[in-house]
Structure formats: structure tokens, C-alpha cells
Amino acid sequence: MPTSLVASALGGITIGLLYAYLLKRQTKSLFEGLSGQPGGGNKMTAILKHLFFLMSRFIIIIGLILALKFTGYVDLQVCCIFVVCGFLMSLFIYTKRML
């Protein structure tokens, strides 16, 4: 198995898990703010936090993928496939824990 395939797979799965974690935090923050829980703040703050998490999530993920691409060890197509696999795997585990 070539080294670039292993590096692409590990990098992609790690980024996919990070993406799912940031999405979970973003959703939790939005629900807390909009439901009016004591620690959530007001609705405007919740919307601004949501937009901040949304922008930062995409900037972080795109930055990590491009950084891996420019190292030369990672194949971009394989890495993106494993990003999706890592994201789906994380959502599956999270959903399974909720049941």
C-alpha cells in the first residue's frame, strides 16, 4: 500500500471527525441559544455564534485539506473521499449513542 494512500486516508478521516465535532458544537450552541436556556444567551447572540461556527468550520477544514495537499504526500481525491467517510462514521456513532 503506497504511503500517500495511507496518509490521505488518515488525514481525511481525521478531518472528517473534526468536521463532525465542530458541526455538533455548532448545532448545540444554536439550540441552546434559541431555546432560551440560562447559559445560552439571547437569540441574536445564538445566530451570531452560529454564523461564526459556520465560517470557522469551513475555513478550518479547507485550510487543513489544502495544507495536506501542498505537502505532496496526500492525494486530494482520496483525502476528500475519506473526509466524507470520517464525517459519516462520526455521525453514525453519535446517532447510535443517542438510541
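Quick caveat: nothing in here was measured; it's all calculated off a predicted structure. (Residues numbered from 1 in each chain as written. Predicted model: local features only at pLDDT ≥ 70, side-chain atom pairs only at ≥ 80, totals over all residues. Heavy atoms only, no water.)

Here Ile 65 lies in helix α2 (residues 43-71). Residue classification places Ile 65 among the buried residues on the basis of a relative accessible area of 13%. (Helix = DSSP H or I, 4+ residues; strand = E, 2+ residues; numbered from the N terminus. Buried < 20%, exposed > 50% of the residue type's maximum accessible area, 1.4 Å probe, protein only.)

For α2, built from 29 residues, the straight-helix expectation of 42 Å at 1.5 Å per residue is met to within 8% by its first-to-last C-alpha distance of 42 Å. Of all the positions in α2, only Ala 46, Phe 53, Ser 56, Arg 57, Ile 61 and Ile 65 are classed as buried. Phi for Gly 72, located one or two positions after α2, is positive at around 90 degrees. (Expected span 1.5 Å × (residues − 1).)

A few words now on the nonpolar core. Within the largest apolar cluster, nine residues are counted, these being Ile 15, Tyr 19, Ala 20, Ile 61, Ile 65, Val 74, Cys 79, Val 83 and Phe 87. In this structure, Tyr 19 is in contact with Arg 57, Phe 58, Ile 61 and Phe 87, ignoring residues within four places of it in sequence. (Core = buried A, V, L, I, M, F, W, Y, C linked by side-chain atoms within 4.5 Å. Contact = heavy atoms within 4.5 Å.)

Under the criterion given, the structure shown has three aromatic pairs. Note on Tyr 19 and Phe 58: the rings are 6.1 Å apart at their centroids and 55 degrees apart in plane angle, and the pair reads as tilted. Here Phe 58 lies in helix α2 and Tyr 19 lies in helix α1 (residues 3-35), a separation of 39 residues in the sequence. Clustering of aromatic rings is evident, with ring pairs tying together Tyr 19, Phe 58 and Phe 87. (Phe/Tyr/Trp six-rings, centres within 6.5 Å; stacked < 30°, edge-to-face > 60°.)

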